[in-house]
Amino acid sequence: MPFAINETMGQYSELLMLLAAGTYTVAFIAFAWDLAKSSRALRAVDLKAAEAAGTKVAAMAGAGASAGASAGSAAAANRVESHLAGPVGRAERPSSSVAKRGDEGSGAGQTAGADMRYAAERRVPARVAVALTVLGVLIHAAGVITRAVGAGRVPWGNMYEFLTTGAFVAVAVFLLVLIRRDLRFLGTFVVGLAIIMLVAASVAYWTPVGHLVPALQSYWLIIHVSIAVLSSALFTLTFAMSALQLVQSHRQKTVAAGGADKLGFMRLVPSALSLENLSYRINAIAFIGWTFTLMFGAIWAEKAWGRFWGWDTKEVWTFVIWVVYAGYLHARATRGWTGTRAAWLSIVGYLCVVFNFTIVNQFFNGLHSYSGL
Amino acid sequence: MSERVKANKKSPAPVAAAKTEALPVLGPVEMLRWAWTQLTSMRTALFLLLLLAVAAVPGSLFPQRPANPSIVTQYIKDNPDYGKLLDTLQLYDVYSSAWFSAIYILLFISLIGCVVPRAIAHYRAMRSQPPRTPKRLSRLPEYGTLVVPADAGLPASDAIRSAAGVLRKRGYRVEVRDDDGARPSLGAERGFAKEVGNLVFHTSLIGVLVSVAVGGLFGYSGQRILVEGDTFVNTLVGYDQFTPGTNFQSSQLQPYSIQLDKFDVTFDRESRGKIGQPIDFNAEVTTRETPDSPAKQEILKVNEPVNLGGTSIYLTGNGYAPVVTIRDGAGNVAMQGPVVAKLQGENYYSSLVIKVPDARPEQLGFVGFFLPTAFITDEGVSFSGDPDLFNPQLTLNSYFGDLGLDAGAPQNVFELDVSDLTPLNARNLDAGGITLAPGGTYTLPDGKGSISFDSVKRYVGVDIHHNPGQLYALIFALLAVGGLIVSLYVNRRRVWVRTGSHQDGRTMVEYGLLARGEDHRLAAEAAVIRKLLSEEWQIEDSVSGESSDDSDSDSTGTQQTPSRQDDNGADSLTSPAGPTGPKKDQ
Ligand code: HEM
């Protein structure tokens, strides 16, 4: 006999989700404040440096907020030179194949650490934002768990649950990555996305706790969907990084060509090359995850419908996403396709993920149409 | 990565040049070779991959014949202006279309053309010694020096041998060169598994494709509806619908049998907004492997197929089958038994058609609905209020005349063409429609006979599949993931060490590292090797201690610096500066 559902738990869960969304909103404001404040601070440093050194170049490269690069025109000059000089400019150089790419010729105007490690310097608003995000994610976790307890099963059986649990995983993965890398510059994006997902879940896709339809009653639901959600969370991070990479690369080119630096806040963001390298590493993990998603989906489809592949709409899109990211990995090994073009592929791949999750779930008919709508 | 990729990376310019200048003299062989080079280049592979992604999309936008033939027919009818055109473009059969096939076949030819030469090259590389020691190690992405104090009494040749030992222990394949000379050196390499993984991955993709093709050739599938009490025997006539693979032979069918004893559905009675949603389907079946085998009781559920005689049997549908008895005008029982009602709407609102060709003097036909829990609104619209049998009801219209079955043309059992029949019962006729509850009997007008609604049974729809390729597809898919992980996470690295003796008796050591392909941990590896060597020679090395505790160290940023430090003026060691730098292979 199926487990009896617990409505009270379900109601607690909904309350917790709203509380989490509220906490995230405050965290979002703190992240935004951090961006604004830091870019103001950076500009102030620039001005001072410009006064001191009297040259524009030094001002551009003046070390400010991060990476432990000490301020002062000597270091700045050294840094600029190193970028031009090549080999010594290891700060911008990955150890291997992608080294010495033309478009990275100048990292001038760069302030954030290339290795995305934490700098000694404290950014109070960012710390507040992270603390709030941690608080939010704890509340959110409680919401997800109470939902699971209320329904007596894994909390991903319909759109409402995909959204709430998906948002949780996205924020949790972000926080986990934060332990090792200073990706706080992605905070507004990740937390903002989580808020949107929670609000959409509560407003547009609200579904009370309930049993699973028989088609979903399988341990493959646990395996297949959890890996899919995890991979998607990682793709979310790389999407943001790739988008920033495009902006950063444009900005670096402008600055290198002597143009004005209109996007001062982008100094909080590491160089385009560092973004590319880290997002490649995350994408590689996520791609393996997606490969498993695809495979486990096929195995499940075999169990449920008797064929492991039938080009059902959801299957088509999962395949398309897989091929696009395979293309991305290829691009990274193809001359002329690294950098900006690879970033575009990463972005297109993520748009497919979003499309698969929203439009396909909602408007396309197929065997997967049990998303609870 | 591989030699092949390298060649391709460098090829565009020369090829372009050759094209403009030498085109007239290109013979057919050269043309072929040129085409082959193009097809097997990374750029083409990338292009074909992206094209494949794009080409797969229309299959999700338009209805597809293999999944839904009837919807496609309807779609063409509904869109007379472009429906036919889409058909010409094979947009209803995307995944078997000429263009989609062309893309993936080209991709796989390219794949083979890519994998084979690389496999050969890699096999050679694995058997050959690590590349010669570059003249200037300092040009390598990771470079460092160590100095062994004179009082350690370690000559350059011993140092290189012990360094070789250290690297061997770390999994490197090492070759010591010139170890009795003045400048002994060693070349070491590890991580051959990376390329092997990559090759396994790509080869396995071919394996998956072939397995799928095999399944299509030798597999078969079919459907059957089973009312409680029915038995299915696995022969061609046993199927309601059968789809053989290209090479199917009916001798492949093992004559097993499966009987549906009982089918239970559990409906949700507690979730808000979902009352009446089915939450469990449970079919009790009796199976026999062959007609003579002992009977076996099994449970068939959604997500839990029954495996029998090399096939898998899946529960894919269900519904109600009212049991009726129909007597004809002569008073004889012309038909008795369950009639499968087809699901139409919510709560098992189902339609049914009864054809009674045996009725005399006139054949009879019935068309109508079955509702498990019937409700009638004030406007006279009927609907089913619940999926369970709380108030089962049959509402039927009846006809008499020639059903057209005797002509022998196959007919859809779920449809009755009433155009040549005379209506007996309908809501707009004087006699009205027929409404029956279980146990009820209705006498047809004009002495045409009667119909009794005896009881209600349930039925299940099962899909039966045999796919001999599927196990191989799974094996290859697992191999592919394994290869992928190895390929992405094993790093292929080369290390060179060179030693020499300073006039003052110190032994100077320099080393350099080079990665092939993406390797963000090269700096960390350099730090580890530095540490291992320092320990081996018992040198105090504060620098390496700092950076090696961070195993995930990026090669970028400040972490890099330690391994670059020319700490003890070991510059004197650098060989007479030859312009030839390290032979880089990226
Ligand atoms: C069925 C189509 C293909 C798919 C799905 C695919 C997928 C992938 C993936 C996911 C990777 C990255 C993982 C790894 O390094 O093992 C990769 C790498 C690679 N692929 Fe493919 N591939 C396909 C066809 C091809 C073809 C036709 C070629 C040759 C022209 C090729 C050459 C390579 C090479 C050289 C690498 C290594 C790149 C590196 O250095 O990281 N692939 N492929």
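Definitions and cut-offs
Residue positions are given per chain, counting from 1 as you read along its sequence in written order. Ligands are numbered from 1 and chains lettered from A, in the order in which they are written. Reporting of local features is limited, given that this is a predicted model, to residues whose pLDDT is at least 70; pairs of side-chain atoms are given and counted only at 80 or more, and all residues count toward the totals for whole chains, interfaces and linings. For the side-chain quantities, the full set of heavy atoms in the structure was used; hydrogens and water were omitted. Throughout this description, buried means an accessible area under 20% of the type-specific maximum (1.4 Å probe, protein chains only), exposed means over 50%, and partly exposed covers the range between. Secondary structure elements follow DSSP: runs of H or I no shorter than four residues count as helices, runs of E no shorter than two count as strands, and numbering proceeds from the N terminus. For two strands to be treated as a pair, DSSP must find at least two bridges joining them. Under this definition, polar contacts are N or O atom pairs within 3.5 Å; protein pairs additionally need one hydrogen-donor-capable and one acceptor-capable atom, and for neighbouring residues in sequence, both atoms have to be side-chain atoms. Note on contacts: a residue pair qualifies if any of its non-hydrogen atoms lie within 4.5 Å across the two residues. Note on definitions: salt bridges are taken to be side-chain nitrogens of Lys or Arg within 4 Å of carboxyl oxygens of Asp or Glu. Fitted lines through C-alpha atoms serve as axes, helices being fitted only where they are in contact, and the angles separating the N-to-C directions of these axes extend from 0 to 180 degrees. Relative orientations are named as follows: roughly parallel for angles under 35 degrees, roughly antiparallel for angles over 145 degrees, roughly perpendicular for angles from 65 to 115 degrees, and oblique for any other angle. In this scheme the handedness of a crossing depends on how the near helix is turned from the far one: anticlockwise by less than a right angle means left-handed, clockwise means right-handed. Three residue categories are used. Nonpolar comprises Ala, Val, Leu, Ile, Met, Phe, Trp, Tyr, Cys and Pro, charged comprises Asp, Glu, Lys and Arg, and polar comprises the others, including Gly. Only N, O and S atoms count as donors, using a 2.8 Å limit from the metal and a wider 3.2 Å limit for Na, K and Ca, and since water is excluded some coordination spheres may look unfilled. Just to be clear on the cut-offs, tetrahedral is four donors with all angles between 85 and 135 degrees, square planar is four donors and octahedral six with opposite donors over 155 degrees apart and all others between 65 and 115, and anything else goes down as irregular.

(A) Representation of the pairing of strand 23 (residues 492-501) of chain B. All names here are of chain B. Counting buried residues in strand 23 gives nine out of 10 residues, a clear majority hidden from the surface. In this sheet, strand 23 lies alongside strand 3 (residues 185-190) in antiparallel orientation, the contact comprising six bridges. Bridge pairing links leucine 186 to valine 497 in strand 23. Relative to strand 24 (residues 507-516), strand 23 runs antiparallel, the two being bridged by 10 bridges. Across the sheet, the residue bridging to arginine 493 is alanine 515, located in strand 24. Counting the residues in the hairpin turn of strand 23 and strand 24 gives five residues, including glycine 505, whose phi is positive at 95°.

(B) Representation of the side chain of A:Glu14. All names here are of chain A. The residue glutamate 14 is located in helix 1 (residues 7-53) in this model. With relative accessibility at 17%, the residue glutamate 14 sits in the buried group. Within polar-contact distance, the side chain of glutamate 14 engages the side chain of tryptophan 206 at 3.1 Å. Discounting residues that sit within four places of it in the chain, glutamate 14 has contacts with Arg147, Tyr160, Trp206 and Thr207.

(C) Up close: the pattern of salt bridges. Applying the stated criterion across every chain yields a total of 27 salt bridges over all chains. B:Arg269 is the partner of B:Asp388 in a salt bridge, and the nearest nitrogen-oxygen pair spans 3.7 Å. With B:Asp388 in the loop between strand 17 (382-384) and strand 18 (393-400) and B:Arg269 in the loop between strand 7 (257-267) and strand 8 (278-288), this pair connects stretches of sequence that are 119 residues apart. Assessed through its relative accessible area of 22%, B:Asp388 is described here as partly exposed. Given a relative accessible area of 39%, B:Arg269 falls into the partly exposed group. The residue B:Glu362 makes a salt bridge to B:Lys448 at a minimum N-O spacing of 3.5 Å. Residue B:Glu362 is found in the loop between strand 14 (349-356) and strand 15 (364-371), and its partner B:Lys448 is found in the loop between strand 21 (441-443) and strand 22 (449-466); the two are separated by 86 residues along the sequence. In this structure, a network of salt bridges that share partners links the residues A:Glu14, A:Arg147, A:Arg153 and A:Glu161.

(D) How the structure looks around the packing of helix 5 (residues 159-180) of chain A against helix 7 (residues 219-256) of chain A. Residues and elements named next belong to chain A. The geometry of helix 5 relative to helix 7 is characterised by a closest axis approach of 9 Å and an angle of 55° between their N-to-C directions. As far as their axial angle goes, helix 7 and helix 5 are oblique. Crossing angle aside, the handedness with which helix 5 passes helix 7 is right-handed. Of helix 7, the residues touching helix 5 (which contributes Phe162, Gly166, Val169, Ala170, Val173, Phe174 and Val177) are Val225, Val229, Leu230, Ala233, Leu234 and Leu237. Classifying every residue of the contact of helix 5 with helix 7 gives 12 nonpolar, one polar and no charged.

(E) Focus on the coordination of the iron atom of the ligand. For the iron atom of the ligand, the full set of protein donor atoms is A:His330 (NE2) and B:His202 (NE2), at a range of 1.9 Å. Relative to the metal, the six donor atoms surrounding the iron atom of the ligand lie at angles of 80 to 178°, and the coordination shape comes out octahedral. Of this pair, A:His330 sits in helix 9 (residues 313-331) while B:His202 sits in helix 10 (residues 192-218), which puts the two residues in different chains.

(F) Examining the sheet that holds strand 24 of chain B more closely. Residue and element names in this part refer to chain B. Strands sit in the order 1-24-23-3-2 across an open sheet of five strands; the sheet is antiparallel. The open sheet has two free edges, formed respectively by strand 1 (142-148) and strand 2 (173-177), since each of these has just one partner strand. Direction aside, neighbouring strands of the sheet carry axes that sit 15° apart on average.

The values are spatial; any link to function lies outside them.
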